[in-house]
There are 2 protein chains.
Amino acid sequence: MSQYRTFAAADAVEYARQFGGVDNPNSLVDALEVGDGNLNLVFRIFDTAGVSRVIVKQALPWVRCVGESWPLTLDRARLEAEVLIEHGKFCPQHTVNILHYDPLLAVTVMEDLSDHAIWRADLVKGIDWPQAAGQLGDYLAQTLFHTSDFFQHPHQKKADVIRFTNPELCDITEELFFNEPYEVHARNAYPRALEPLAESLREDHELRVAVAGLKHRFYSNAEALLHGDVHSGSIFVAEGSLKVIDAEFGFYGPIGFDIGSALGNLLISYCAAPGLLPPREAADAREKRLNDVRQLWQSFAEGFLALAAEKSRDRALAVPGYASTFLAKIWRDSVGYSGTELIRRTVGMSQVADIKGIQDDAMRVECVRQAITLGRSLILLADHVADIDALIARIRQNG
Amino acid sequence: MSQYRTFAAADAVEYARQFGGVDNPNSLVDALEVGDGNLNLVFRIFDTAGVSRVIVKQALPWVRCVGESWPLTLDRARLEAEVLIEHGKFCPQHTVNILHYDPLLAVTVMEDLSDHAIWRADLVKGIDWPQAAGQLGDYLAQTLFHTSDFFQHPHQKKADVIRFTNPELCDITEELFFNEPYEVHARNAYPRALEPLAESLREDHELRVAVAGLKHRFYSNAEALLHGDVHSGSIFVAEGSLKVIDAEFGFYGPIGFDIGSALGNLLISYCAAPGLLPPREAADAREKRLNDVRQLWQSFAEGFLALAAEKSRDRALAVPGYASTFLAKIWRDSVGYSGTELIRRTVGMSQVADIKGIQDDAMRVECVRQAITLGRSLILLADHVADIDALIARIRQNG
């Protein structure tokens, strides 16, 4: 039994030799800490030829960006590893491979993906990965169907709801998605010029009621084992390949939350493009993002329905036609949660490179304004957007 | 630490002396086993004056009606006691008082209610308790609001979802409510004359899809700590008093399931009245049951909204107007689940005295037919019944 201690580079190398599954462990000689998140140390482990071979990730017992003032459970390392192992059972092609994890050290050893790019970084640069949205939809269909009541035995599902109970990380989502952007809050980070718009959100009664419903379903709709934080920064892409990482927010929740988070990130990229790229490239990028939105939903929806038709094990839920009835609920939730993602990334504290990378202040304000108004529309219209075509029409209408 | 052993009468007396909270324990001298359920021993403990003073209830490790062939977790004694203790915190006036429980012996000591009648027994006899439905609505409002996300801290709620995970008893509901009545199944117990009607349920595609949705929400909508088996046989009534017992099916589920179970039992009584009572009394009893249906819903709805307005602790869910939006979801679920209760009590194995007590065979078949067709209508119309007036109109329309 190992006790928790924070890893230095040498510890990470030693650990990778032991658990990295590398043929010649002694060839591993160096480690570089590359974490740009706030919650973890992330070491790339190099061999004698200077090639990165494996990743050693350790959870820190606090949120790094604010020092030691916000302590956070180390159990999230277990949760992250176990969610990824579970998702890997059902979608190995799009889930980062977990080689080893130690719950007491809060350390996970996983495959190195340094031949991949982080999707968000490429979106910011205007680099397109045309297969990525469809592959992400496939990941979502596989992982969410196979952990749902359609497929899991009721006893196994109930045991997994317990195993993946994640109070502290859910706390963060509950606050940052559903509370703070709709309140006066010190952590909000929208441009001062948009104070009137932020105030109008706080005073939009219908919006607040809709957000309450989304929060309530986040609390209470244990539909599938979610990744819990699907965004373009937790997705690696390469030629023909997509890998999802960083599942520490995983828990049993509403399927539409994962879909909506993914859609919302594509829409942030859509809103930010005019601030990041020259006009013609920006227009092209926006069309590509709308196409990604369509691909993602269609790939998810077709995948989910096909799996439900072939592999449903619950006798009642397997009745023909029920999966598509439930898909309509997922759709409404997805549209609503995509709106909350747009707003928490712009009004709230969880700012992203798509927005922060816009150099021109006035342009950045306009892009943020567009993201906020789109987010508000999607939350308000979630129950009334008939299908993916109607959604895309509504996005274009936003400007 | 005590090991499990099945109690004889003498054990029950000894136990009651120790844990019954009676001033003079040695005055307890006799025990009578009165359990008419299939799952438990229930001892009434008498004093030297022959007065029943306290109840000792022990869970059996199998379902009694089928011998030892259907083993069942003894953990249900813990679940029952803890659900009742939890509900008693929020609605002591309508929850049986738990004096002591021992998880290893699966024994619970509780207050004696022999000055009360079982509501179902009086309904069968045509005896009216005009305050009961309103009091039951109050019990449901208090217990379901206070264990919901409106009131519970998110960490406490998540811990309680774990504490009240109830796989084996939920199994029974999942099978008996949502599967068997819609299949050819050996446990179904409808009259042979209704085979065509039972077959029409099995072949009603729209009905099966609606039932799948109700089952799915039973699996996945962890809205509040339900009693899980609210029916007129688990409710004691007396002048001005109502006490709910038998919470071993309790778990975190959809609020409408408890409401719908309660409504469904009133509607079974409504359907059975012409078979149990002379025509004029039957007509009178039916009006009273419809009034009970109205009282129960109104008392619940008004209570829930008042509590939400006064005591909601979640900042987002507390926004004015959200509770009534959520109440509309509870209403739809309640109507649907009331339909499944009608069908599982008539087509399925869980037959009740209201129906079994009808002496005339042809009349019994007609009452069962009415209950089944009403149940089917309510399941199919659940999303389209605007309010309690529309529900009552729909019930009258059924004949």
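These numbers come from a predicted model, not from an experiment.

1. Some words on the overall build of chain A
Right, so step 1: Looking only at helices and strands, chain A has 14 helices and 10 strands in total.
Right, so step 2: For 399 residues, the compact-globule estimate of 2.2 N^0.38 gives 21 Å, and chain A sits close to it at 21 Å.
Right, so step 3: Counting over 399 residues, chain A shows a buried share of 61%.
Right, so step 4: Taking the intrachain contacts of chain A between residues at least 6 apart in sequence as the baseline, contacts between residues at least 24 apart amount to 74%.
Right, so step 5: Of the roughly 14800 Å² that chain A leaves accessible, carbon and sulfur atoms contribute 52%.
Right, so step 6: Charge centroids of chain A, computed over 39 positive and 54 negative side chains, lie 2 Å from each other.

2. Here's the deal with the UniProt feature "binding site: ATP" in chain A
All names here are of chain A.
Right, so step 1: Within the UniProt annotation, "binding site: ATP" is assigned to Asn40, Lys57, Glu111, Asp112, Leu113, Asp246, Ala247 and Glu248.
Right, so step 2: Of note is the side chain of Asn40, whose polar atom sits 3.5 Å from the side chain of Arg76.
Right, so step 3: Looking at the element boundaries, Asp246 is found in the loop between strand E9 (241–244) and strand E10 (251–253).
Right, so step 4: Apart from residues no more than four positions distant in its own chain, Asp246 is found in contact with Lys57, Glu80, Leu84, His227 and Ser234.

3. Brief notes about the interface of chain A and chain B
Right, so step 1: Chain A puts 39 residues into the contact, and the matching count from chain B is 39 residues.
Right, so step 2: Together, the buried faces of chain A and chain B total about 3300 Å²; carbon and sulfur atoms form 59% of this surface.
Right, so step 3: When the area that chain A buries against chain B is broken down by residue, the three leading residues are His216, Tyr219 and Arg315 of chain A, summing to 19%.
Right, so step 4: Between Glu183 of chain B and Arg315 of chain A there is a salt bridge, and its shortest N-O distance comes to 2.6 Å.
Right, so step 5: Across the chain A-chain B interface, the total number found is 18 residue pairs in polar contact (both at pLDDT 80 or more).
Right, so step 6: Every element with two or more residues in the side of chain A that touches chain B is listed here: helix H5 (154–163), helix H6 (167–178), helix H8 (205–220) and helix H11 (322–344) of chain A.

4. Focus on the relation of the copies chain A and chain B
Right, so step 1: Taken as rigid bodies, chain A and chain B are interconverted by a rotation of 180° and an axial shift of 0.0 Å, the fit giving an RMSD of 0.0 Å. A rotation of that kind, with that shift, is consistent with a two-fold axis. When C-alpha positions in chain A are compared against the rotation axis, the closest is assigned to Asn221 of chain A, at 2.4 Å.
Right, so step 2: A symmetric contact is evident, with 100% of the interface residues of chain A recurring at the interface of chain B.

5. Remarks on the pattern of salt bridges
Here the idea is simple: oppositely charged side chains can pair when their charged atoms come close.
Right, so step 1: What the rule picks out here adds up to 70 salt bridges over all chains.
Right, so step 2: A salt bridge links Asp361 of chain A to Arg364 of chain A, with the shortest nitrogen-to-oxygen separation between them at 2.8 Å. Of the two residues, Asp361 of chain A and Arg364 of chain A are both situated in helix H13 (residues 361–381); the distance of 3 residues between them amounts to about one turn of the helix.
Right, so step 3: Residue classification places Arg364 of chain A among the partly exposed residues on the basis of a relative accessible area of 24%.
Right, so step 4: Asp389 of chain B serves as the salt-bridge partner of Arg294 of chain B, at 2.6 Å between the closest nitrogen and oxygen. Here Arg294 of chain B, found in helix H10 (residues 279–311), pairs with Asp389 of chain B, found in helix H14 (residues 388–397); they are 95 residues apart in sequence, far enough to count as distant.
Right, so step 5: Taken together, the salt bridges that share partners define one network made up of Asp75, Arg78, Glu82, Glu86, Lys89, Asp160 and Arg163 of chain A.

6. A word on the UniProt feature "binding site: substrate" in chain A
Residue and element names in this part refer to chain A.
Right, so step 1: In the numbering used here, UniProt assigns the feature "binding site: substrate" to Asp229 and Arg344. Considering the C-alpha atoms alone, the annotated residues occupy 116 residues of sequence yet fold into one spot, their largest mutual distance being 12.6 Å.
Right, so step 2: Relative to the helices and strands, Asp229 resides in the loop between strand E7 (224–226) and strand E8 (235–238).
Right, so step 3: Apart from residues no more than four positions distant in its own chain, Asp229 is found in contact with Ser234, Phe249, Asp258, Arg344 and Arg345.
Right, so step 4: Checked against the element boundaries, Arg344 lands in helix H11.
Right, so step 5: Since its relative accessible area comes to 7%, Arg344 is described here as buried.
Right, so step 6: Residues within four places of Arg344 in sequence aside, it is in contact with Leu176, Phe177, Pro181, Asp229, Met349 and Ser350.

7. Structural notes on the environment of Ala59 of chain A
Right, so step 1: Inspection of the secondary structure puts Ala59 of chain A in strand E3 (residues 52–59).
Right, so step 2: Once the C-alpha coordinates of Ala59 of chain A and Val42 of chain A are considered, the two residues, 17 residues apart in sequence, prove to be 8.7 Å apart.

8. Remarks on unusual backbone geometry
All names here are of chain B.
Right, so step 1: Its identity is not glycine, yet Ala106 carries a phi of approximately 60°, on the positive side.
Right, so step 2: Within the secondary structure layout, Ala106 lies in the loop between strand E4 (98–102) and strand E5 (107–111).
Right, so step 3: One non-glycine residue with positive phi stands out, namely Asp246, at about 55°.

9. Quick word on the packing of helix H10 (residues 279–311) of chain A against H11 of chain A
How two helices sit against one another is set out by the angle between their axes and by the gap between those axes.
Residue and element names in this part refer to chain A.
Right, so step 1: For the pair H10 and H11, interaxial distance at closest approach is 10 Å and the crossing angle is 150°. It follows from the interaxial angle that H10 and H11 lie roughly antiparallel. The interaxial crossing formed by H10 with H11 has right-handed handedness. Of the residues in H11, those in contact with Trp297, Phe300, Ala301, Phe304, Leu305 and Ala308 of H10 are Ala323, Ser324, Phe326, Leu327, Ile330, Trp331 and Ser334.
Right, so step 2: Classifying every residue of the contact of H10 with H11 gives 11 nonpolar, 2 polar and no charged.

10. Here's the deal with the domain arrangement of chain A
All names here are of chain A.
Right, so step 1: For chain A, the domain assignment lists domain 1 (9–111) and domain 2 (117–397).
Right, so step 2: At the interface, 24 residues of domain 1 touch 29 residues of domain 2.
Right, so step 3: The contact between domain 1 and domain 2 buries some 2400 Å² in all, and 61% of this surface belongs to carbon and sulfur atoms.
Right, so step 4: On the domain 1 side of the contact with domain 2, His87, Phe90 and His94 bury the most area, a combined 29% of that side's loss.
Right, so step 5: Counting the contacts that link domain 1 with domain 2 gives 5 salt bridges.
Right, so step 6: One salt bridge connects Glu248 with Arg76, and the closest N-O pair in it is separated by 3.9 Å.

11. Considerations on empty space enclosed by the protein
Right, so step 1: In total, this model carries 6 cavities of 30 Å³ or more according to the counting rule given.
Right, so step 2: Residue lining of the largest cavity: 31 residues in total, with Val161, Ala222 and Tyr252 of chain A together with Val161 and Ala222 of chain B positioned closest to the centre.
Right, so step 3: Every element with two or more residues in the lining of the largest cavity is listed here: H5, H6, H8 and E10 of chain A together with helix H5 (154–163), helix H6 (167–178), helix H8 (205–220) and strand E10 (251–253) of chain B.
Right, so step 4: Of the residues contributing to the lining of the largest cavity, the split by class is 16 nonpolar, 8 polar and 7 charged.
Right, so step 5: In this structure, the second largest cavity spans a volume of roughly 60 Å³.
Right, so step 6: Considering the residues around the second largest cavity, the lining is formed by Phe178, Asn179, Tyr182, Glu183, Arg208, Val211 and Ala212 of chain A together with Arg315, Ala316 and Val319 of chain B.
Right, so step 7: At 3 residues, H8 of chain A tops the list of elements feeding residues into the lining of the second largest cavity.

12. A few points about the sheet that holds E8 of chain A
Sheet strands associate in pairs through backbone hydrogen bonding, adopting either a parallel or an antiparallel arrangement.
Residue and element names in this part refer to chain A.
Right, so step 1: As summarised here, the arrangement of the 3 strands in space is E6-E8-E9, forming an open sheet in which the pairing is antiparallel. Single-partner strands in this sheet number two, and they are strand E6 (117–118) and E9.
Right, so step 2: Strand direction decides the pairing type here: E8 and E9, joined by 4 bridges, are antiparallel. Considered in E9, the bridge of Phe236 is made with Lys243.
Right, so step 3: Together, E8 and E9 form the strand contacts of helix H4 (residues 132–146), whose direction differs from that of E9 by roughly 45°.

13. What to know about the packing of aromatic side chains
Residue and element names in this part refer to chain A.
Right, so step 1: In total, this model carries 42 aromatic pairs over all chains according to the counting rule given.
Right, so step 2: Aromatic side chains Phe90 and Phe151 sit 6.1 Å apart centroid to centroid with 85° between the ring planes, which places their arrangement in the edge-to-face category. Of this pair, Phe90 sits in helix H2 (residues 75–90) while Phe151 sits in the loop between H4 and H5, and the two are 61 residues apart along the sequence.
Right, so step 3: Judged by its relative accessible area of 17%, Phe90 falls in the buried class.
Right, so step 4: Here Phe300 and Phe304 contribute two aromatic rings whose centre-to-centre distance is 5.5 Å and whose plane-to-plane angle is 40°, an arrangement assigned as tilted. Of this pair, Phe300 and Phe304 are both found in helix H10, 4 residues apart, which corresponds to roughly one turn of the helix.
Right, so step 5: A relative accessible area of 0% places Phe300 in the buried class.
Right, so step 6: Since its relative accessible area comes to 0%, Phe304 is described here as buried.
Right, so step 7: Through a chain of ring-to-ring contacts, the aromatic side chains of Phe90, Phe145, Phe150, Phe151, Trp297, Phe300, Phe304, Tyr322, Phe326 and Trp331 assemble into a single cluster.

Thresholds, definitions, all that
- Residues numbered from 1 in each chain as written.
- Chains lettered and ligands numbered in written order.
- Predicted model: local features only at pLDDT ≥ 70, side-chain atom pairs only at ≥ 80, totals over all residues.
- Heavy atoms only, no water.
- Helix = DSSP H or I, 4+ residues; strand = E, 2+ residues; numbered from the N terminus.
- Rg over C-alpha atoms; globule rule 2.2 N^0.38 Å.
- Buried < 20%, exposed > 50% of the residue type's maximum accessible area, 1.4 Å probe, protein only.
- Contact = heavy atoms within 4.5 Å.
- Areas by Shrake-Rupley, 256 points an atom, 1.4 Å probe, with all protein chains shown as cover.
- Lys, Arg positive; Asp, Glu negative; His and termini not counted.
- Charge placed at Lys NZ, Arg CZ, Asp CG, Glu CD.
- UniProt positions renumbered as here; feature names shortened; annotations may be inferred.
- Polar contact = N/O pair within 3.5 Å; in protein donor to acceptor, adjacent residues only side chain to side chain.
- Buried area = accessible area lost by both parts, 1.4 Å probe.
- Salt bridge = Lys/Arg side-chain N within 4 Å of Asp/Glu carboxyl O.
- Least-squares fit on C-alpha atoms with pLDDT ≥ 70 in both.
- Axes fitted to C-alpha atoms, helices over the stretch in contact; angles between N-to-C directions.
- Parallel < 35°, antiparallel > 145°, perpendicular 65-115°, else oblique.
- Left-handed = near helix turned anticlockwise from the far one by under 90°.
- Nonpolar A, V, L, I, M, F, W, Y, C, P; charged D, E, K, R; others polar.
- Domains from an automatic or database assignment.
- 1 Å grid on protein atoms, 1.4 Å probe; cavity = no way out; pocket = protein on both sides within 12 Å on 5 of 7 lines; lining within 4 Å.
- Points joined across faces, edges and corners; volume = space filled by probe spheres on them.
- Pairing = 2+ DSSP bridges.
- Phe/Tyr/Trp six-rings, centres within 6.5 Å; stacked < 30°, edge-to-face > 60°.

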